[in-house]
Amino acid sequence: MLVFSEEFYWIAGFAIVAALVNGAGIIAIFRHQEWAERSLPYLMCFAAGILLTTPLLHALPNAIAKTPAAGFSALAGFLFMFLSNDLIKRRTGEATLAFGVTAAEGIGVHSLVDGVVYTVTFNISLLTGVLAGTGLIVHEFAEGVITYLVLVKGTVTERTAATYAFFIAALTTPIGAFLAYPLVSGLGPRYLGLLLGFVSGVLLYVSAAHLLPEARSYEKEHSILTFLAGVGVALFIVFSRTM
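Rules of the game
- Residues numbered from 1 in each chain as written.
- Predicted model: local features only at pLDDT ≥ 70, side-chain atom pairs only at ≥ 80, totals over all residues.
- Heavy atoms only, no water.
- Phe/Tyr/Trp six-rings, centres within 6.5 Å; stacked < 30°, edge-to-face > 60°.
- Helix = DSSP H or I, 4+ residues; strand = E, 2+ residues; numbered from the N terminus.
- Buried < 20%, exposed > 50% of the residue type's maximum accessible area, 1.4 Å probe, protein only.
- Lys NZ or Arg CZ within 6 Å of the ring centre and 35° of its normal.
- Core = buried A, V, L, I, M, F, W, Y, C linked by side-chain atoms within 4.5 Å.
- Contact = heavy atoms within 4.5 Å.
- Patch = residues over 30% accessible without salt bridge, like charges linked within 9 Å, V, L, I, M, F, W, Y side chains within 5 Å.
- Areas by Shrake-Rupley, 256 points an atom, 1.4 Å probe, with all protein chains shown as cover.
- Salt bridge = Lys/Arg side-chain N within 4 Å of Asp/Glu carboxyl O.
- Axes fitted to C-alpha atoms, helices over the stretch in contact; angles between N-to-C directions.
- Parallel < 35°, antiparallel > 145°, perpendicular 65-115°, else oblique.
- Left-handed = near helix turned anticlockwise from the far one by under 90°.
- Nonpolar A, V, L, I, M, F, W, Y, C, P; charged D, E, K, R; others polar.

Caption draft 1: Examining the packing of aromatic side chains more closely. In this structure the tally under the stated criterion is 11 aromatic pairs. Pairing Phe8 with Tyr181 gives two aromatic rings, centres 5.0 Å apart and planes at 65°, and the pair type is edge-to-face. Highlighted residues: Phe8 in helix 1 (residues 6-31) and Tyr181 in helix 7 (residues 172-184), separated in sequence by 173 residues. One exposure class covers both Phe8 and Tyr181, and it is buried. Seen from their ring centres, Phe78 and Tyr205 are 5.4 Å apart, and the 75° between their planes marks the pair as edge-to-face. Of the two residues, Phe78 sits in helix 3 (residues 70-91) while Tyr205 sits in helix 8 (residues 189-216), which places them 127 residues apart along the sequence. Through a chain of ring-to-ring contacts, the aromatic side chains of Phe8, Tyr9, Phe178 and Tyr181 assemble into a single cluster. Seen from the ring of Tyr191, Arg190 lies directly overhead, with NZ or CZ sitting 5.9 Å from the centre.

Caption draft 2: Examining the nonpolar core more closely. The biggest cluster of nonpolar side chains holds 58 residues, and the ones touching the most others in it are Val117, Tyr118, Leu203, Leu211 and Phe227. Counting residues per element, this core draws most heavily on helix 8, at 11 residues. Contact partners of Leu211, with chain neighbours within four places excluded, come to Met44, Ala47, Ala48, Leu51, His139 and Val206.

Caption draft 3: Broad picture of a nonpolar patch on the surface. A cluster of nonpolar side chains, contributed by Leu75, Leu79, Phe82 and Leu83, occupies part of the molecular surface with about 380 Å² of accessible area. Within the secondary structure layout, Phe82 lies in helix 3.

Caption draft 4: Focus on the side chain of Ser73. Its location among the elements puts Ser73 in helix 3. In this structure Ser73 comes out as buried when scored by relative accessible area, which is 12%. Residue contacts for Ser73: discarding those within four places in its chain leaves Gly193, Leu194, Gly197 and Phe198.

Caption draft 5: Spotlight on the packing of helix 2 (residues 33-66) against helix 8. Close contact between helix 2 and helix 8 brings their axes to 8 Å; oriented N to C, the two are set at 155°. In terms of axis orientation, helix 2 runs roughly antiparallel to helix 8. Of the two elements, helix 2 crosses helix 8, and the hand of that crossing is left-handed. In terms of residue class, the contact of helix 2 with helix 8 is made up of 21 nonpolar, 5 polar and 3 charged.

Structure representation (structure tokens):
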């Protein structure tokens, strides 16, 4: 009989909820496009606030405490996301169908990495996992909406775009988490520190270089307050667990 650790159930729970929230975003944009597009910038700002605060105040210091080399792996994580997104942008300068398909491919890889993030952070500590997981879950709604929109922009029919978006953006997150679990769970503190450093770099890129600029481009009223609310939630969780 298989016996799973407590961390596995937390990882599985967050990964499955992430997939459901992503699917909710796809359903919302499919059925209520005006409302979903109006809410999108605020969700991205809130998620960015959590995902920016988490690595700076908790994840990266924790990683460096395990190994001083974690700073280098954090830089590697940031550069990995920067270069891979730059490659995707270069490839999307093609015809409309290529734009939709290529952008969706990039989102699929990004969602797979999200699943790995859940596994790494929960193997470090419950607090690290909950902080990173909360921010990622909030941004999953926006990711589902964006995946649907880029596929529609790529001349895919609306119903087909909704189906493809679910497989590309929603299911890849739990797949990434479950594939990474047997590899990550057996690692020692030093290697976990390196992985957490890499994840911190990924989270910093997603928040500061991806979600925030995209959300701010909409120039919505109170978007800064929504961002600060995300920062506040992360600060509250961190300090309530350390008091």
